[in-house]
Amino acid sequence: MPKRISKVILGVGGGIAAYKSCDLLRRLQERNYDVTVVPTPSALNFVGTATWEALSAKKVTTQVWESVDEVRHVKLAAENELILISPATADLIARIAMGRADDLLTNLVLASSAIKVLIPAMHPNMWNNAATVANIALLQERGFHVMRPATGRLTGADSGIGRLPDTSEILSYLASVIADTQDLIGKRVLITAGGTREAIDPVRYIGNRSSGKQGYAVAQAALDRGAEVTILSANVTLPDPVGATVISVESTKDLEIELERHFQNTDLLVMAAAVADARPTHVGTEKLKKDSYREISLVENPDLVAQISQQKRKQIIVGFAAETSLNIAEANRKLLAKGLDLIYLNDVSTGEIFGSDSTQGVFITADGKEIPVSKSNKATLAGQLLDLVISKLN
Ligand code: CTP
């Protein structure tokens, strides 16, 4: 993230997702932001003043009637370069849209010329309500940046759009808002994600544990930096990153066809998918009965990235190697054999990588540099990956 912005207001609205902002505060502090927390009075129903004061090591007030001598709303408005509100509830969004000033946070928003970022979280019916839709549109017109909520399980039994996105997603959204330069504008990035499946019969398949999280994190990071992103998505259940073209594939053959179709039209290929190395020699047209399901004869699949790299002109190609030990020699062999510019050797020995939000391993460049990555989240790794290829792309 750029150094330009250092002082940030974290506004907290009165929704259950307020507790997630404790983590957001920590992550912002880790990135060297000087954060002042301004909850709304109702937010204190979920997380109290003591928690915010302890975490931020600063005085926390919710009203202009407290510390009046400091004229806090004007002082805070002048000092801070960014106001990030998470969660932004329907009521808080409505109050801001109307220009009301009935607590410290809304006073501050009115008095400030800082960059303003809203992270809405609410029930899907409230998010889709015409009043909220109109308020959001109005605020966007006025220059507010509004992140789209995530879809999934909500408080209670309901699910749908309205969840607060994960902290890492909020941070990458924030990075995209305040990026000094969007260094991938005009670049086309093709990402394979997930794991291919090979049919045994109409019911069964051979597959692998890849969740697609790493590929999707690279897609999100590339979108944040202005790239045009296409994802070849193999059996991934994650929500599509907003702004990406997502093409679903199932088998290695499907992926091969789509790769051929898109490769020439791309600047960067990130081969994050776990490609099945073999497929059944014969695929049953009907479900195999138990007695003929004792052995499966396999035939090897083509190495897709090795194959496509033969057609390489200006493209940069990044591969992944999943190894159960940190085998640098083997990763180097793959880098060469597959015609890659960069490989990330994923240490999967801990069993934590597949489906997990974190990763650890080492990047190896075509010119032999090794860049170790200690345990970090997949969004951070995605940013590092793009940083390592950016000079080659330009
Ligand atoms: N890959 C590919 N086609 C395959 C197998 C792998 O394009 N048939 C790509 C993967 O997307 C990844 C890289 O090659 O970017 C390395 O994948 P990995 O599974 O680690 O290597 P394999 O070549 O399959 O070797 P092995 O499974 O024997 O370790």
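Residues numbered from 1 in each chain as written. Predicted model: local features only at pLDDT ≥ 70, side-chain atom pairs only at ≥ 80, totals over all residues. Heavy atoms only, no water.

Attention shifts here to the site of the ligand. Neighbouring the ligand are 14 residues; Met271, Ala273, Phe320, Lys334 and Lys338 lie closest to it. One of the backbone nitrogen or oxygen atoms of Pro302 is found 3.0 Å away from a nitrogen atom of the ligand. Between an oxygen atom of the ligand and a main-chain N or O atom of Phe320, the distance comes to 3.0 Å. Contact with the protein chains covers 78% of the free accessible surface of the ligand, which is 570 Å². Taken together, the elements giving at least two residues each to the shell around the ligand come down to helix 11 (304-308) and strand 16 (316-323). Looking at the shell around the ligand element by element, the count peaks at four residues for strand 16. Tallied by class, residues from the shell around the ligand come to nine nonpolar, one polar and four charged. (Near = heavy atom within 4 Å. Polar contact = N/O pair within 3.5 Å; in protein donor to acceptor, adjacent residues only side chain to side chain. Areas by Shrake-Rupley, 256 points an atom, 1.4 Å probe, with all protein chains shown as cover. Helix = DSSP H or I, 4+ residues; strand = E, 2+ residues; numbered from the N terminus. Nonpolar A, V, L, I, M, F, W, Y, C, P; charged D, E, K, R; others polar.)

With parallel pairing, the five strands of this open sheet are ordered in space as 2-1-3-4-5. In the strand order of this sheet, the two ends are held by strand 2 (34-39) and strand 5 (145-146), each with one partner. Judged from the six bridges that link them, strand 1 (residues 7-12) and strand 2 form a sheet pairing that is parallel. Paired with Gly11 across the two strands is Val38, which belongs to strand 2. The sheet strands contacting helix 4 (residues 90-98) are strand 3 (82-88) and strand 4 (115-120), and the helix crosses strand 3 at an angle near 140°. (Pairing = 2+ DSSP bridges. Contact = heavy atoms within 4.5 Å. Axes fitted to C-alpha atoms, helices over the stretch in contact; angles between N-to-C directions.)

Bringing the packing of aromatic side chains into the picture now. Under the defined criterion, the tally for this structure stands at two aromatic pairs. Ring centres 5.8 Å apart and planes at 75° place the aromatic pair Phe320 and Tyr344 in the edge-to-face group. Linking Phe320 in strand 16 with Tyr344 in strand 17 (residues 342-347), this pair joins segments that are 24 residues apart in sequence. Taking relative accessible area as the criterion, Phe320 reaches 18% and is therefore assigned buried. A relative accessible area of 0% places Tyr344 in the buried class. Geometrically, the ring pair formed by Tyr344 and Phe363 is tilted, given 4.9 Å between the ring centres and 50° between the ring planes. Linking Tyr344 in strand 17 with Phe363 in strand 18 (residues 358-365), this pair joins segments that are 19 residues apart in sequence. Residues Tyr344 and Phe363 agree in their burial class; the two are buried. Here the aromatic residues Phe320, Tyr344 and Phe363 are joined through ring pairs into a cluster of three or more. (Phe/Tyr/Trp six-rings, centres within 6.5 Å; stacked < 30°, edge-to-face > 60°. Buried < 20%, exposed > 50% of the residue type's maximum accessible area, 1.4 Å probe, protein only.)

With that settled, consider the side chain of Thr132. Tracing the sequence through the fold places Thr132 in helix 7 (residues 130-141). For Thr132, the residues in contact, after removing those within four places along its chain, are Ala90, Met122, Met126 and Trp127.

Let us look at the packing of helix 3 (residues 72-79) against helix 5 (residues 104-111). The N-to-C vectors of helix 3 and helix 5 enclose an angle of 50°; their axes lie 8 Å apart at closest approach. With respect to helix 5, the axis of helix 3 lies oblique. Between helix 3 and helix 5 lies a crossing of right-handed hand. Along the contact surface, helix 3 presents Arg72, His73, Leu76 and Ala77, while helix 5 presents Leu104, Asn107, Leu108 and Ala111. Split by residue class, the contact of helix 3 with helix 5 holds five nonpolar, two polar and one charged. (Parallel < 35°, antiparallel > 145°, perpendicular 65-115°, else oblique. Left-handed = near helix turned anticlockwise from the far one by under 90°.)

For the peptide bond that leads from Ser86 to Pro87, omega is -5°, which places it in the cis range. Tracing the sequence through the fold places Pro87 in strand 3. With a phi close to 45°, Ser67 is a non-glycine residue in the positive phi region. Position of Ser67 among the secondary structure elements: in the loop between helix 2 (49-56) and helix 3. Among the residues examined, Ser67 registers a relative accessible area of 15% and is labelled buried. Positive phi values are uncommon outside glycine, yet Val71 reaches one of about 45°.

This next bit is on the domain arrangement of the protein. The assigned domain composition of the protein is domain 1 (7-178) and domain 2 (188-393). Averaged C-alpha coordinates put domain 1 and domain 2 at centres separated by 36 Å. Area buried by domain 1 at its contact with domain 2 is led by Ser168, Ser172 and Ser176, which between them contribute 59% of it. Taken together, the links from domain 1 to domain 2 amount to zero salt bridges. In this structure, the connection of domain 1 to domain 2 is made through zero residue pairs in polar contact (both at pLDDT 80 or more). In terms of residue class, the side of domain 1 that touches domain 2 is built from one nonpolar, three polar and two charged. (Domains from an automatic or database assignment. Buried area = accessible area lost by both parts, 1.4 Å probe. Salt bridge = Lys/Arg side-chain N within 4 Å of Asp/Glu carboxyl O.)

With 12 residues, helix 8 (residues 167-178) extends 16 Å between its outermost C-alpha atoms, agreeing within 8% with the 16 Å of an ideal straight helix rising 1.5 Å per residue. For helix 8, the tally of buried residues reaches nine of 12 residues, placing the bulk of the element in the interior. Every buried residue of helix 8 is listed here: Thr167, Ile170, Leu171, Ser172, Tyr173, Leu174, Ser176, Val177 and Ile178. Residues of helix 8 that are buried in the fold lie against helix 1 (20-30), strand 3, strand 4, strand 5 and helix 9 (213-224). (Expected span 1.5 Å × (residues − 1).)

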